[in-house]
Amino acid sequence: MRDLALIGVFAAAGLLVPAFVDSGFVLNLCVMTLYLALLGQAWNILGGYGGQFSFGHAVFFGTGAYAMAVLQVKLGLNAWAALPLALVLGAATGAALGALSFRYGLRGSYFALVTLAFAEVFRILANTFQFTGAGVGIQIPLREDAAAMQFAGKTGFLYLILALCVAGLLVARWLERSRYGAWLQAVRDNEESAAALGVNVFRVKLVAISISGALMSAGGAFYLQYFRYVDPHIAYGPSISVEALLAAIVGGMGTVFGPLLGAVVLHALGEITRSLAEDLPGVSLVVYGSLLVLIVMFLPRGIAGLFARKR
């Protein structure tokens, strides 16, 4: 019950932010922090709870973004109707990738490299086909209307990403309390022992990558609505995958609030280093990278692990 109470407090605090903050910069910072938390939670479902490290989660992000773009621009579908279809397509992509990988026993570094290869293949395909805009990409027309999932200010987008982020937190909490979550964590700890106890390892990992793909595609769909543009490099580039895994690792893998804590810390570090080194181009990246290395070295279980040890 404690986790549910904390999730409720977090949701209520997010809903009250626009009542006390009218700065577009601060609201945008909140939106991007929650967006990163959603990506981190998507990676955490598979990597943190399932122990299947992925270097190519951009394949799900790009699928969700392009699904939203194509359904709206090419097929004229409403954004709210396109969103669940994008999530289903992301889950299906995860199931297909998992079926090809887990069926042949790929795990560890082999699985990580396969996911990276799939993201690159999807980037090349998106760069080729005309219905994805090829190398030009797709831009959705501006319609400041809530019915089109485009809001006049930042508040509407804040509420939308808050809802998606809360959904991710609830999924993670369910994994910690459910029988399926126990199976998934058993597979993470020792696949052979889990199989010996009767756990269907292939099915458990397949469900995990499908859930992870759906959440990641939700992040891609939100990105498209927020920035109204996507191209192959944005959708399937390695930076998306790196951001997702960093949020989970820094915050704490295999925890409910780890990706959220990681997103807050990463964005805070980014803003602080940029402000301190704005007169020296490139120094902010050096400071940012050095701080990340220190966090990983001295907090191997992430920030959430530090809080758990103190408690």
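Conventions we followed
Throughout this description, residue numbers start from 1 for each chain and increase along the sequence as written. Only residues with pLDDT of 70 or above have their local features reported here, since the model is predicted, and side-chain atom pairs are shown and tallied only from 80 upward, although totals for entire chains, interfaces and linings are computed over all residues. Side-chain measures here rest on the full set of heavy atoms in the structure, leaving out hydrogens and waters. Only protein chains enter the accessibility calculation, which uses a 1.4 Å probe; a residue is then buried when its area is under 20% of its type maximum, exposed when over 50%, and partly exposed in between. Secondary structure elements are taken from DSSP: a helix is a run of H or I of four residues or more, a strand is a run of E of two residues or more, and numbering for both begins at the N terminus. Here the arc refers to the directions that run from the helix axis out to each C-beta atom. Whether two residues touch is decided by their heavy atoms; if any such pair falls within 4.5 Å, the residues are in contact. As used here, the term nonpolar core means buried Ala, Val, Leu, Ile, Met, Phe, Trp, Tyr and Cys residues forming a set that is joined through side-chain atoms within 4.5 Å. Fitting a line to C-alpha atoms yields each axis, with helices limited to the stretch in contact; the angle taken between N-to-C directions then spans 0 to 180 degrees. Geometric relationships in this document are graded by angle, where less than 35 degrees denotes roughly parallel, more than 145 denotes roughly antiparallel, 65 to 115 denotes roughly perpendicular, and other angles denote oblique. Throughout, the ten residues Ala, Val, Leu, Ile, Met, Phe, Trp, Tyr, Cys and Pro are labelled nonpolar, Asp, Glu, Lys and Arg are labelled charged, and all others, Gly among them, are labelled polar. Each patch is assembled from residues with relative accessible area greater than 30% and no salt bridge, linking like charges that lie within 9 Å and nonpolar side chains (Val, Leu, Ile, Met, Phe, Trp, Tyr) that lie within 5 Å. Under the convention used here, a 1.4 Å probe and the Shrake-Rupley method define accessible areas, while residue burial counts only the protein chains that appear. Salt bridge, as applied in this entry: a Lys or Arg side-chain nitrogen positioned within 4 Å of an Asp or Glu carboxyl oxygen. To estimate the expected span of a helix, count its residues, drop one, and scale the result by 1.5 Å. For Phe, Tyr and Trp, where Trp contributes only its six-membered ring, two rings pair if their centres lie within 6.5 Å, and the inter-plane angle classes them as stacked under 30 degrees, edge-to-face over 60, or tilted in between. Over a ring means this: the NZ of a Lys or the CZ of an Arg is within 6 Å of the ring centre and within 35 degrees of the ring normal.

Peer 1: For helix H7 (residues 179-189), give the residues involved together with the corresponding values.
Peer 2: The set of residues buried in H7 consists of Tyr180, Gly181, Leu184 and Val187. End-on view of H7: buried residues confined to an arc of 120°, all on one side of the axis. Those residues of H7 that are exposed and angled more than 90 degrees off the buried face are Arg179 and Asp189. Buried positions along H7 lie against helix H2 (24-48), helix H6 (154-177), helix H8 (191-196) and helix H9 (201-227).

Peer 1: Please give an account of the environment of Val88 that cites residues and values.
Peer 2: In this fold, Val88 is placed in helix H4 (residues 79-102). The exposed category is assigned to Val88, whose relative accessible area is 55%. Linking Val88 and Ala67, residues 21 residues apart in sequence, is a C-alpha distance of 10.0 Å.

Peer 1: An account of the nonpolar core is needed here, citing residue identities and associated values.
Peer 2: As a rule of thumb, soluble globular proteins bury nonpolar side chains together. One finds Phe10, Leu34, Tyr35, Met68, Ile161, Met216 and Phe222 to be the most contacted residues of the largest nonpolar core, which totals 88 residues. Those residues in contact with Phe10 that sit more than four places away from it in its chain are Leu34, Leu162, Cys165, Val166, Leu169 and Leu260.

Peer 1: If you had to explain the packing of H6 against H7 to someone new, which residues and values would you point to?
Peer 2: In contact at an axis separation of 5 Å, H6 and H7 are set at 80° when each is read in the N-to-C sense. Classified by the angle their axes make, H6 and H7 are roughly perpendicular. The residues of H7 that touch H6, namely those facing Trp174, Leu175, Glu176 and Arg177, are Arg179, Tyr180, Gly181, Ala182, Leu184 and Gln185. Residue composition of the contact of H6 with H7, by class: five nonpolar, two polar and three charged.

Peer 1: So what's going on with a nonpolar patch on the surface? Residues and values would help.
Peer 2: Taken together, the side chains of Val121, Leu125, Phe129 and Phe131 make up a nonpolar region of the molecular surface, amounting to roughly 360 Å² of accessible area. Classification of Leu125 as partly exposed rests on a relative accessible area of 38%.

Peer 1: Pulling in residues and values, what's your account of the side chain of His57?
Peer 2: Relative to the helices and strands, His57 is located in the loop between H2 and helix H3 (58-74). Since its relative accessible area comes to 0%, His57 is described here as buried. Non-local contacts of His57, meaning those with residues more than four positions away in its chain, are made with Ala42, Trp43, Leu46, Ser212, Met216 and Ser241.

Peer 1: Give me helix H1 (residues 2-20): which residues, what numbers.
Peer 2: Side chains three or four residues apart in an α-helix point the same way, a direct result of the helix having 3.6 residues per turn. Taking 1.5 Å as the rise per residue, H1 with 19 residues should run 27 Å; its terminal C-alpha atoms sit 27 Å apart, in good agreement. All of the buried residues in H1 are Asp3, Ile7, Phe10, Ala11 and Gly14.

Peer 1: For the packing of aromatic side chains, give the residues involved together with the corresponding values.
Peer 2: All told, the structure shown has 16 aromatic pairs when counted by the stated rule. Feature note: the residues Tyr35, Phe61, Phe151, Phe157, Phe222, Tyr223, Tyr226 and Phe227 constitute an aromatic cluster, connected by ring pairs. If you follow Arg103 out to its NZ or CZ, it ends over the ring of Phe202, 4.0 Å from the centre.

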